[in-house]
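# Chain and residue survey
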Amino acid sequence: MKVSGFTIIRNAILFDYPVIEAIRSILPLCDEFIVSVGNSEDKTLELIQQINNPKIKIFQSIWDDKLRHGGKVLAIETNKALQQISADTDWCFYIQADEILHEDYLETVYESMQKNLFDKRVEGLLFHYLHFYGSYDYIGDSRRWYRNEVRIIRNSPLVHSFRDAQGFRWNNRKIQVKHSGGTIFHYGWVRPPQVQAKRQKAFNQLWHDDEWIKENLPNNDEFDYSKIDSLALFKGRHPQVMQDRINSMNWKFGFDPTQKKFGLKTRILHYVEMTLDWRPFEYRNYRLIK
């Protein structure tokens, strides 16, 4: 069984992406790792080169900054990276630059790939998600956060990145998956407030024109983390690769987890989810098979 990791990255230093940690978190599972480095305003390329691992294969790409609708450029760049994967690869493991696979799940995920290798019904593997917000102590627990997403896909010309690269499609239909047994730790909403404000503006430019940015994004020097509907305390253990970042956190964020900024309908749906572990009307970018 051959496994290829792949990711895309641009301006990793400028926007404080934990891309090195992301790559290292799944590198033990991979026989090769494709890193597409976009044209950056910092030394992202040099940062990736410092990993200095023979599995790493770097190629450079120019992002089309004129594509400012629906995050389409992210899917285009993801597909470019996917096309660089070796033809004899069985599974392709996609990791975004702010996602980490906890080391506790390495063996489980590897066994899941082995178990489903010859079952052609299984076109991908699903991961559960924890979304950290504001600091490393809180996770999002409202309906605004997706609970699961596909991160391992079978190597096939029929598979491609979908919309804004959150998930994948198989020949333009929802991909058929089983659960990998793993959990992805998503740290995209844990940055110094000044950096998060800059990142939010740059990120939204992949979706909207300048007029929308001007009307909808406040011109603040710091991102206001307090404007969130609901969070829960994280009671687990962070991945080892993240410990240096966690120890060097230089800002403070506090939140009362009992505070819920919900309307009546959302409050009822939240109660159902927390009680039954079931999310009514949940959007699924995949089809879970037995």
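Notes on the structure in this doc start here. Keep in mind that this is a model prediction, so the values were computed, not measured.

Turning our attention to the packing of aromatic side chains. On inspection of all chains with the given rule, the structure shows 23 aromatic pairs. Relative to Tyr 225, the ring of Tyr 133 lies with its centre 5.3 Å away and its plane at 90°, an arrangement referred to as edge-to-face. Of this pair, Tyr 133 sits in strand β6 (residues 124-133) while Tyr 225 sits in the loop between α6 (210-216) and β13 (231-233), placing them 92 residues apart in sequence. Both rings, one in Phe 203 and one in Trp 207, keep their centres 4.8 Å apart while their planes meet at 45°; by these two values the pair is tilted. Judged by relative accessible area, which is 27%, Phe 203 ranks as partly exposed. A cation over a ring is seen here: Arg 169 above Phe 162, with NZ or CZ 3.7 Å from the ring centre. Against the face of Tyr 17 rests Arg 191, its NZ or CZ located 4.5 Å from the ring centre.

Glancing now at the sheet that holds strand β11 (residues 173-174). On the basis of which strands lie adjacent, the open sheet formed by three strands has the order β9-β10-β11 and antiparallel pairing. Unpaired on one side and paired on the other, β9 (159-162) and β11 mark the two borders of the sheet. Taken together, the four bridges between β9 and strand β10 (residues 167-170) define a ladder with antiparallel strand orientation. Considered in β10, the bridge of Val 159 is made with Trp 170. This element, helix α3 (residues 72-83), spans β9 and β10 of the sheet and lies at about 155° to β9.

Locating Leu 217 in the fold gives a position in the loop between α6 and β13. Setting aside its immediate chain neighbours within four residues, Leu 217 contacts Gln 200, Lys 201, Asn 204 and Trp 212.

Note that soluble globular proteins tend to have their nonpolar side chains buried in a common cluster. Counting 56 residues, the largest nonpolar core has Ile 9, Ile 23, Phe 33, Ile 48, Phe 93 and Leu 101 as the members making the most contacts within it. Those residues within four positions of Ile 23 in sequence are excluded, and the remaining contacts are Thr 7, Phe 33, Val 35, Ile 48, Ile 51 and Ile 56. If you look at the next biggest cluster of nonpolar residues, it comprises 23 residues, including Phe 6, Ala 165, Trp 170 and Ile 175.

Moving on to α3. Taking 1.5 Å of rise per residue, twelve residues should cover 16 Å, and α3 covers 17 Å from first to last C-alpha, within 8% of that figure. Buried within α3 we find Val 73, Leu 74, Ala 75, Glu 77, Thr 78, Asn 79, Ala 81 and Leu 82.

This part is about helix α8 (residues 264-276). Owing to its 3.6 residues per turn, the α-helix brings residues three or four apart onto one side. Here α8 spans 18 Å end to end across 13 residues, near enough to the 18 Å set by a 1.5 Å rise per residue. Where α8 is concerned, the buried positions are Leu 269, His 270 and Glu 273. One side of α8 holds all its buried residues, which, seen down the axis, span an arc of 105°. Exposed and facing more than 90 degrees away from the buried side of α8 are Leu 264, Tyr 271 and Leu 276. Phi for Asp 277, located one or two positions after α8, is positive at around 55°.

How each quantity is defined
Residues numbered from 1 in each chain as written. Predicted model: local features only at pLDDT ≥ 70, side-chain atom pairs only at ≥ 80, totals over all residues. Heavy atoms only, no water. Phe/Tyr/Trp six-rings, centres within 6.5 Å; stacked < 30°, edge-to-face > 60°. Helix = DSSP H or I, 4+ residues; strand = E, 2+ residues; numbered from the N terminus. Buried < 20%, exposed > 50% of the residue type's maximum accessible area, 1.4 Å probe, protein only. Lys NZ or Arg CZ within 6 Å of the ring centre and 35° of its normal. Pairing = 2+ DSSP bridges. Contact = heavy atoms within 4.5 Å. Axes fitted to C-alpha atoms, helices over the stretch in contact; angles between N-to-C directions. Core = buried A, V, L, I, M, F, W, Y, C linked by side-chain atoms within 4.5 Å. Expected span 1.5 Å × (residues − 1). Arc of directions from axis to C-beta.

From the geometry alone we can't say anything about function, so treat these as descriptive.
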